[in-house]
Amino acid sequence: MNGLTAGQRAGMTIGARFARMQTGAKIFLILLGALLPFAIIAILATLTTTRQAGLEARSQLRVAAQESSRNLAIELVGDMTVLTTAMNSLATDPGDAPSCARAGGVFAQQSAAGATFAISNRSGRLWCGSPPPYPAPTAIPGGQAAGRVVTDKGVMLAIANHDGSVRGSAFFPTAFLARIARPGAFGSDYAETIRSADGKQLTLRSIEHDTLIDSHSSVIAPLNIGDLTVELQMRRDVLTSPILIAMLLPLLMWIAAASIAWLVVDRLLIQPLRTLRARVAAYRPGEAIDSADVRSLPAQEIRELGETFRSLSRTLILHEAGLAEGLVRQTKLTREVHHRVKNNLQVISSLINLHSRGAKAEETAHAYASIQRRVDALSVVHRHHFAEMEDHRGLSLRAVIGELASNIRATSPEGARLGILLEVEPYLVNQDVAIAIAFLLTEIVELAIGINPTAQLRLSVRADTGPDTAILRASSSALVDGEPLRAALAQRYARVMEGLSRQLRAPLHHDPLAGSYEIAIAVTGKD
């Protein structure tokens with residue numbers, strides 16, 4: 001979209017922008033759009049497979065959570081059952097040492113892992129076991145065991161007999177619980193936590209190398225001991241290497257297929273066309289396209305197109321040779337015509353001069369002189385136009401007005417002390433403007449001489465406000481407003497000068513107090 005402003009690009013429709021794209025970009029976008037449905041189907045299939053694998057993994061996690069909860073419940077409920085039996089015996093006979101010994105024997109294996117138990121009466125007197133390391137939860141008499149999580153330490157369980165006279169408690173450390181809760185056939189990396197209703201939690205196992213951006217699936221299973229629950233978490237492998245490869249592979253195949261197709265079209269079609277276009281753009285008149293450049297193009301159709309351009313270039317050489325020959329003949333004829341016109345104008349000027357000398361009346365001589373000045377004005381412009389015909393830059397106003405002033409002074413009446421001061425900047429004009437200026441200045445000078453034969457005139461060309469115009473000004477005391485000036489203008493000069501101003505496409509302004517005429521003229525540049 002070169003050559004467009006930001007506003008124009010913003011206002012273009014999508015279709016207009018697509019139409020302005022290069023052919024290679026269009027082909028690539030079309031291929032991407034055509035192959036996109038296949039890539040989407042492959043990605044959806046991969047996502048479906050991944051989702052199915054995730055469902056299977058969650059099902060395995062649920063089975064593992066149930067197994068872990070069952071293992072913990074069996075161990076803890078069994079230990080609390082032994083503790084309940086010993087409590088009932090001690091409630092009947094506080095001195096029943098064998099019951100306490102049996103409970104100690106059951107807890108002997110757990111004691112090696114740091115587990116403890118205690119049986120005490122309502123007042124808190126210890127009957128059996130060791131003092132609990134942490135405060136025990138409040139148990140309902142005759143009800144189920146109550147549990148409380150000790151953060152980062154373990155779990156405290158408590159139970160009471162039917163009348164609440166004997167209370168039992170047991171503490172199970174984290175390591176013991178983690179070993180008991182481990183699922184048997186669950187090989188995935190997982191995390192396990194025991195939670196209580198008050199929000200406390202005990203982490204039995206953590207997922208290794210876990211980060212904040214990892215996603216997890218979790219399953220909660222009740223322990224049926226108080227309000228304790230077991231939660232198992234497993235990392236949800238959203239972007240593992242196989243999944244990532246499976247998802248990226250359709251995209252890579254999509255882009256690769258579009259790129260390969262574009263590359264083939266670009267190498268066999270677009271690049272040869274650009275090369276041929278560069279050859280044609282670099283063509284210069286008079287040259288023939290090299291056949292070796294055409295034969296190097298890879299596509300047969302484009303080679304045939306190149307041969308067509310090569311044939312056209314050879315035909316153009318022949319036509320240009322004929323045109324050049326015709327131009328030379330035409331230039332010679334034009335020069336001959338200009339030369340004859342110049343000679344004819346010179347003959348007319350000489351004839352007028354001869355008739356002027358033979359005129360007996362002064363008024364007739366003045367008429368001949370007036371006519372001769374106008375013929376000289378046309379001759380001056382024609383001569384300068386013929387001189388600059390090769391350059392085509394325009395006629396120099398300084399040269400034209402200078403020669404025109406010299407001719408007017410030469411044809412002025414005998415005894416007249418006509419003076420013309422020139423202040424002309426080096427502007428260039430075309431032939432039509434130069435002819436109108438020459439006739440207009442001749443009329444103004446003729447008007448001034450008619451009023452005052454000794455008039456002093458000042459002719460100037462100065463810059464205007466615009467770069468393509470200049471101000472032509474002619475001033476003299478003879479042109480100050482008065483009865484002689486108005487009479488001369490009414491006789492014939494006003495109509496002629498108005499017609500010439502229309503030819504210059506600008507109004508002719510007269511300053512009656514300063515005695516000046518000025519008009520804006522079109523210029524083509526400066527010399």
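Residues numbered from 1 in each chain as written. Predicted model: local features only at pLDDT ≥ 70, side-chain atom pairs only at ≥ 80, totals over all residues. Heavy atoms only, no water.

**Student:** For this particular structure, what's the right way to read the sheet that holds strand 12 (residues 427–429)?
**Tutor:** Strand-to-strand pairing in sheets goes through backbone hydrogen bonds, with the strands running parallel or antiparallel. The strand order across the open sheet built from three strands is 10-12-17, with neighbouring strands paired in antiparallel fashion. Strands with a single pairing partner mark the edges of an open sheet, and in this sheet they are strand 10 (395–396) and strand 17 (525–526). (Pairing = 2+ DSSP bridges. Helix = DSSP H or I, 4+ residues; strand = E, 2+ residues; numbered from the N terminus.)

**Student:** Honestly, the nonpolar core in this entry has me stumped. Any pointers?
**Tutor:** One recurring pattern in soluble globular proteins: nonpolar side chains tend to sit buried together. Counting 49 residues, the largest nonpolar core has L397, L447 and I521 as its most contacted members. The element best represented in this core is helix 12 (residues 431–451), accounting for 13 residues. In this structure, L76, C128, I194 and V230 belong to the second largest nonpolar core, which totals 41 residues. (Core = buried A, V, L, I, M, F, W, Y, C linked by side-chain atoms within 4.5 Å. Buried < 20%, exposed > 50% of the residue type's maximum accessible area, 1.4 Å probe, protein only.)

**Student:** Would you mind going over helix 12 with me for this structure?
**Tutor:** The α-helix winds at 3.6 residues per turn, so residues separated by three or four positions along the chain end up facing the same way. Between its first and last C-alpha, helix 12 extends 30 Å over 21 residues, near the 30 Å set by a 1.5 Å rise per residue. Counting buried residues in helix 12 gives 16 out of 21 residues, a clear majority hidden from the surface. Its side-chain oxygen at 3.3 Å from the backbone nitrogen of D432, N430 defines the N-terminal cap of helix 12. (Expected span 1.5 Å × (residues − 1). Polar contact = N/O pair within 3.5 Å; in protein donor to acceptor, adjacent residues only side chain to side chain.)

**Student:** Which parts of the structure should I look at to understand the pattern of salt bridges?
**Tutor:** Close approach of charged atoms allows side chains with opposite charge to pair. The final tally for this structure, using the stated rule, is nine salt bridges. Among the salt bridges present, the one from R329 reaches E325, with a minimum N-O distance of 3.4 Å. Taken together, the positions of R329 and E325, both in helix 9 (residues 300–358) and four residues apart, correspond to about one turn of that helix. Here E498 makes a salt bridge to R502, at a shortest N to O gap of 3.3 Å. In this pair, E498 and R502 are both assigned in helix 13 (residues 483–503), four residues apart and thus about one turn of the helix distant. Relative accessible area serves as the criterion here: at 46%, E498 is assigned to the partly exposed category. For R502, a relative accessible area of 57% puts it in the exposed group. (Salt bridge = Lys/Arg side-chain N within 4 Å of Asp/Glu carboxyl O.)

**Student:** Just to check I follow, could you spell out the state of the cysteines for this structure?
**Tutor:** By definition, a disulfide links the sulfur atoms of two cysteine residues through a covalent bond. Tallied over the entire structure, the rule returns one disulfide. Sulfur-sulfur distance for the disulfide between C100 and C128 comes to 1.7 Å. Across the S-S bond of C100 and C128 the torsion is about 95°, and the bridge reads as right-handed. With C100 in helix 4 (residues 97–106) and C128 in strand 2 (residues 126–129), the pair connects residues that are 28 residues apart, well separated along the chain. (Disulfide = S-S within 2.5 Å.)

**Student:** Looking at this structure, I do not really get the packing of aromatic side chains. What am I missing?
**Tutor:** Geometrically, a pair of aromatic rings is defined through the distance of the ring centres and the angle of the planes. Across all of its chains, the model carries four aromatic pairs by this definition. Summarising the aromatic geometry, the rings of F172 and F176 are spaced 5.8 Å apart at their centres and angled 20° between planes, so their arrangement reads as stacked. For the pair F172 and F176, one class covers both residues: buried. Among the aromatic side chains, those forming a connected cluster through ring pairs are F107, F117, F172 and F176. (Phe/Tyr/Trp six-rings, centres within 6.5 Å; stacked < 30°, edge-to-face > 60°.)

**Student:** Is there a simple way to think about the pairing of strand 13 (residues 456–463) in this case?
**Tutor:** By the bridge criterion, six bridges tie strand 11 (residues 419–424) to strand 13 in an arrangement that is parallel. Note that in strand 13 the partner of L421 across the bridge is R458. Alignment of strand 13 against strand 14 (residues 469–476), held across seven bridges, turns out to be antiparallel. The partner of V461 across the bridge, within strand 14, is L472. Taking the residues between adjacent antiparallel strands as the criterion, strand 13 and strand 14 are bridged by five residues.

**Student:** Before we go on, may I ask you to explain helix 13 in this structure?
**Tutor:** Taking 1.5 Å as the rise per residue, helix 13 with 21 residues should run 30 Å; its terminal C-alpha atoms sit 28 Å apart, in good agreement. For helix 13, the principal kink sits at A490 and spans about 70°. Among all positions of helix 13, only L485, A488, L489, Y493, M497, L500 and S501 are buried. A positive phi of about 60° marks R505, the residue just after helix 13. (Bend = angle between axes of the 7 residues up to and from the residue.)

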